[in-house]
Structure formats: structure tokens, C-alpha cells
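Chain residues, written in single-letter form:
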Amino acid sequence: MSLIVPDFTESVIVRSADAEVIGRTPTTIRLLADAGFTGGALSTQRVTLSGGADGAKPHHHANSAELFYLLDGTAQLLSGDQVITAERGDLVIVPPGLAHAFAAAPGHDADILIVITPGVERFEYFRHLERIAYGEQPAESLLEVQDLYDTYFRTSTVWDTARP
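Residues numbered from 1 in each chain as written. Predicted model: local features only at pLDDT ≥ 70, side-chain atom pairs only at ≥ 80, totals over all residues. Heavy atoms only, no water.

Draft legend 1. How the structure looks around the overall build of the protein chain. Summing up its helical and strand segments, the protein chain has three helices and 10 strands in all. Listed N to C, the secondary structure of the protein chain is β-β-β-β-β-β-β-β-β-α-α-β-α in terms of helices and strands. Here the protein chain has a C-alpha radius of gyration of 15 Å; the compact-globule value for 164 residues is 15 Å, and the two agree. C-alpha extents for the protein chain along the principal axes are approximately 45 × 40 × 35 Å. Expressed as a percentage of the 164 residues in the protein chain, the buried residues total 40%. The contacts in the protein chain between residues at least 6 apart in sequence include a share of 71% that link residues at least 24 apart. Summed over all atoms, the accessible surface of the protein chain reaches about 8900 Å², with 53% contributed by carbon and sulfur. Averaging the positions of the 11 positive and the 22 negative side-chain charges in the protein chain gives two centres separated by 5 Å. (Helix = DSSP H or I, 4+ residues; strand = E, 2+ residues; numbered from the N terminus. Rg over C-alpha atoms; globule rule 2.2 N^0.38 Å. Buried < 20%, exposed > 50% of the residue type's maximum accessible area, 1.4 Å probe, protein only. Contact = heavy atoms within 4.5 Å. Areas by Shrake-Rupley, 256 points an atom, 1.4 Å probe, with all protein chains shown as cover. Lys, Arg positive; Asp, Glu negative; His and termini not counted. Charge placed at Lys NZ, Arg CZ, Asp CG, Glu CD.)

Draft legend 2. Up close: unusual backbone geometry. For the peptide bond that leads from Thr 25 to Pro 26, omega is 20°, which places it in the cis range. Its location among the elements puts Pro 26 in the loop between β1 (20-24) and β2 (27-33). Backbone geometry places Asp 150, a non-glycine residue, at a positive phi of 50°. Checked against the element boundaries, Asp 150 lands in the loop between α2 (146-149) and β10 (152-153).

Draft legend 3. Main features of the nonpolar core. In terms of nonpolar packing, the biggest core is built from 26 residues, with Leu 49, Phe 68, Leu 70, Leu 77, Phe 102 and Ile 112 touching the most fellow members. When near neighbours in sequence (up to four residues on either side) are disregarded, Phe 102 contacts Val 47, Leu 49, Asp 54, Gly 55, Ala 56, Phe 68, Gln 76, Leu 77, Ile 112, Ile 114 and Trp 159. (Core = buried A, V, L, I, M, F, W, Y, C linked by side-chain atoms within 4.5 Å.)

Draft legend 4. The arrangement of the environment of Lys 57 in detail. Along the polypeptide, Lys 57 turns up in strand β4 (residues 54-60). Separated by 98 residues in the primary sequence, Lys 57 and Thr 155 place their C-alpha atoms 8.5 Å from one another. Discounting residues that sit within four places of it in the chain, Lys 57 has contacts with His 100 and Ala 101. Within the structure, the side chain of Lys 57 is placed 3.4 Å from the side chain of Asp 54, a separation counted as a polar contact. (Polar contact = N/O pair within 3.5 Å; in protein donor to acceptor, adjacent residues only side chain to side chain.)

Draft legend 5. View of the environment of Pro 118. Position of Pro 118 relative to the elements: it lies in the loop between β9 (110-117) and α1 (123-133). Taking the C-alpha atoms as reference, Pro 118 lies 5.0 Å from Ala 41; in sequence the two are 77 residues apart.

Given below as C-alpha cells:
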């Protein structure tokens with residue numbers, strides 16, 4: 001078992017008003033703390049989805065676990081071969097290597113705090129997603145940066161069936 005020893009000496013404080021916001025309704029992402037701020041301990045963001053909006057397509061992380069905490073609303077989460085419905089106050093932690101995805105449940109909103117540990121520099125990943133959403137880069141450009149962001153895309157019939 002390896003131990004990640006974070007390398008930072010001051011508390012990380014991110015005021016809501018200071019967080020960079022990516023996207024717009026129905027999907028917004030607040031970039032809270034990247035791995036560089038936490039000495040590699042974690043990276044975290046808050047994702048707000050409205051009206052059943054999709055969050056992330058099926059993928060896995062080879063080296064990091066991902067934690068999803070439902071601040072409010074109802075979400076669907078893929079975890080391996082099962083789709084879990086999570087509600088306010090529920091916590092789901094996906095281990096490295098396991099396929100996962102998330103979205104607001106159909107007809108619902110979801111406000112999700114996401115933590116990846118050990119941390120990966122992910123802010124630029126989300127900026128990249130925004131450029132794709134606005135047509136500034138092709139979607140397939142994500143394939144070129146999978147190793148950089150420890151995000152490897154997968155297919156999931158279970159997820160495709162569960163999502164309208």
C-alpha cells in the first residue's frame with residue numbers, strides 16, 4: 001500500500017465568490033481547489049446540474065478515487081455495472097479503475113461536491129470541456145489528454161439504458 005503525503009503547509013480557503021465558474025445552465029462547475037493548491041492531496045469541484053442534465057460520461061481514473069457528495073437534489077451515478085440513485089446527503093466513493101458517470105436524475109436538479117484523491121490537476125480539463133461545449137475544440141481532442149488528466153473514457157450499456 002502506498003501513502004500519499006500531501007505537500008502543503010497552509011490551509012486552503014476558497015470563497016464561493018472567488019471560485020471560477022465553468023459552463024452555464026443546465027451544467028455549471030465551480031472549480032474549488034486543484035491538486036497544486038493541496039500539495040497533491042486532492043482536487044475538488046462543485047457541479048450543479050438542472051433538469052436532468054448530464055454530468056460526466058462513463059470513464060475511469062487509473063490512479064485516483066472519486067467521491068460524490070449530494071449537497072442537494074437527486075442524481076444518477078454509474079458505479080461499475082450498476083446505476084445508483086443518490087439524494088441529498090448521500091455519499092458515493094468510486095475506487096480507481098472502476099467505470100463511473102454521473103448526471104441529474106431525469107426531471108431533477110443535482111448539486112454535487114466532487115473530490116478526487118490523490119489530486120490531479122483538473123482545472124484545465126474542465127476548461128477544455130468548456131471549449132468543446134462552445135465549439136472551440138472538437139470532442140475527440142479529449143482522447144489526446146486522457147493520460148494527462150487520468151480520465152479514460154469507457155462505454156457502458158447500463159448507463160446508456162438508464163439515461164433518457
